[in-house]
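Coordinate inspection notes
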Amino acid sequence: MDYRTPLSRARGLGSAHEGTGHFVSQRLSSWALIPLTFWFVVALAYLAGSDSTQATDWFHQPLNALLFISFLLVTLWHANLGVQVVIEDYLYCDVLKIISLMLLKGTMALLTIAGLYFIVHISFATGAA
Amino acid sequence: MAEQARERPLSPHLQVYNLPLTARISILHRIMGVALSGGLFLLVYWLWALAMGQPSYQQAQAIFGSWLGLSVLLGFSFALFLHLSHGIRHLIWDAGVGLNKVQTQASDVWVLLATGMLTALAWMLGWLLA
């Protein structure tokens, strides 16, 4: 005899309940990336012909460093969500899928940490680089 | 058993259809997204080079400024603007707007036009500022 309500029995048997969060996160990062991408392209166009002194000076402007960090973090997060879906869509073998997802998350974490460290390093570097 | 499984008739897959332009752009969007994610390695490499100082930055700038480097960057800029343009269309679609056949066919043209024009503009800007 099961005294639980039909709703209680059905709970937890469906999806992992992460889909909507993933969707919203992907869309919010998309919205944020529209202005950030235009800013980034203009910044790269400006830095294209630069030497290290000019580029370092540019990063010494707090607004430039902050926007670069924003662009990098949001882009890495957006890429992480996007590639995750590609892996989940095309890899049917569970072992391969889980290993790929772990590699993706690890790589994205490393790129985030390294990228942040380098920007901070450049932005606070004093004297001749 | 394995042989039997292989002999089962398969339903026709993507390659038997003449896909509409919207579908082709959609596939490209995903491929470009993955490619751009890979390109983040190059971005972090460039930041590393600048953080390490003048010699490594000079080398990185020389690599990106070479014909091979510029071709790769041209590819990435095209990928970026296609992903951006089609991505904006996706955000409009999210609102339930522009989803019928006539409208998607029209927005296909807008997406491709925007991609081409933004790519050209970015390189003109780079050429002017450099």
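Residues numbered from 1 in each chain as written. Chains lettered and ligands numbered in written order. Predicted model: local features only at pLDDT ≥ 70, side-chain atom pairs only at ≥ 80, totals over all residues. Heavy atoms only, no water.

**A look at the overall build of chain A**
Along its length, chain A carries five helices and zero strands. When the helices and strands of chain A are placed in sequence order, the string is α-α-α-α-α. Taken over the C-alpha trace, chain A has a radius of gyration of 21 Å; the compact-globule value for 129 residues is 14 Å, which it surpasses by more than 25%. By its C-alpha atoms, chain A is 80 × 30 × 25 Å across when sized along the principal axes. Residue burial in chain A is summarised as follows: out of 129 residues, 36% are buried. Of the contacts formed within chain A by residues at least 6 apart in sequence, a portion of 71% connects residues at least 24 apart. Taking the 6 positively charged and 7 negatively charged side chains of chain A as two groups, their mean positions are separated by 18 Å. (Helix = DSSP H or I, 4+ residues; strand = E, 2+ residues; numbered from the N terminus. Rg over C-alpha atoms; globule rule 2.2 N^0.38 Å. Buried < 20%, exposed > 50% of the residue type's maximum accessible area, 1.4 Å probe, protein only. Contact = heavy atoms within 4.5 Å. Lys, Arg positive; Asp, Glu negative; His and termini not counted. Charge placed at Lys NZ, Arg CZ, Asp CG, Glu CD.)

**Some details on the interface of chain B and chain A**
Taken residue by residue, the interface counts 29 residues in chain B and 44 residues in chain A. Of the roughly 3,000 Å² buried at the junction of chain B and chain A (both faces included), carbon and sulfur atoms supply 81%. On the chain B side of the interface with chain A, the three residues burying the most area are Arg30(B), Leu47(B) and Leu91(B), jointly 19% of the side's total. Taken together, the connections running from chain B to chain A amount to two salt bridges. Arg27(A) serves as the salt-bridge partner of Asp94(B), at 3.0 Å between the closest nitrogen and oxygen. Here chain B and chain A share seven residue pairs in polar contact (both at pLDDT 80 or more) between them. Secondary structure elements with two or more residues in the side of chain B that touches chain A: helix H2 (21-52), helix H3 (54-65), helix H4 (67-94) and helix H5 (101-129) of chain B. Looking at the side of chain B that touches chain A element by element, the count peaks at twelve residues for H2(B). Residue composition of the side of chain B that touches chain A, by class: 21 nonpolar, six polar and two charged. (Buried area = accessible area lost by both parts, 1.4 Å probe. Salt bridge = Lys/Arg side-chain N within 4 Å of Asp/Glu carboxyl O. Polar contact = N/O pair within 3.5 Å; in protein donor to acceptor, adjacent residues only side chain to side chain. Nonpolar A, V, L, I, M, F, W, Y, C, P; charged D, E, K, R; others polar.)

**Focus on the nonpolar core**
The biggest cluster of nonpolar side chains holds 33 residues, and the ones touching the most others in it are Trp58(A), Phe59(A), Phe68(A), Ile119(A), Leu43(B), Trp46(B) and Leu47(B). Of all elements in the fold, only helix H2 (19-47), helix H3 (52-60), helix H4 (62-90) and helix H5 (94-124) of chain A together with H2 and H3 of chain B reach the threshold of two or more residues within this core. With 13 residues, the next largest nonpolar core counts Leu36(B), Ala79(B), Phe81(B) and Leu82(B) among its residues. (Core = buried A, V, L, I, M, F, W, Y, C linked by side-chain atoms within 4.5 Å.)

These results come straight from atomic positions and should not be treated as a statement about function.
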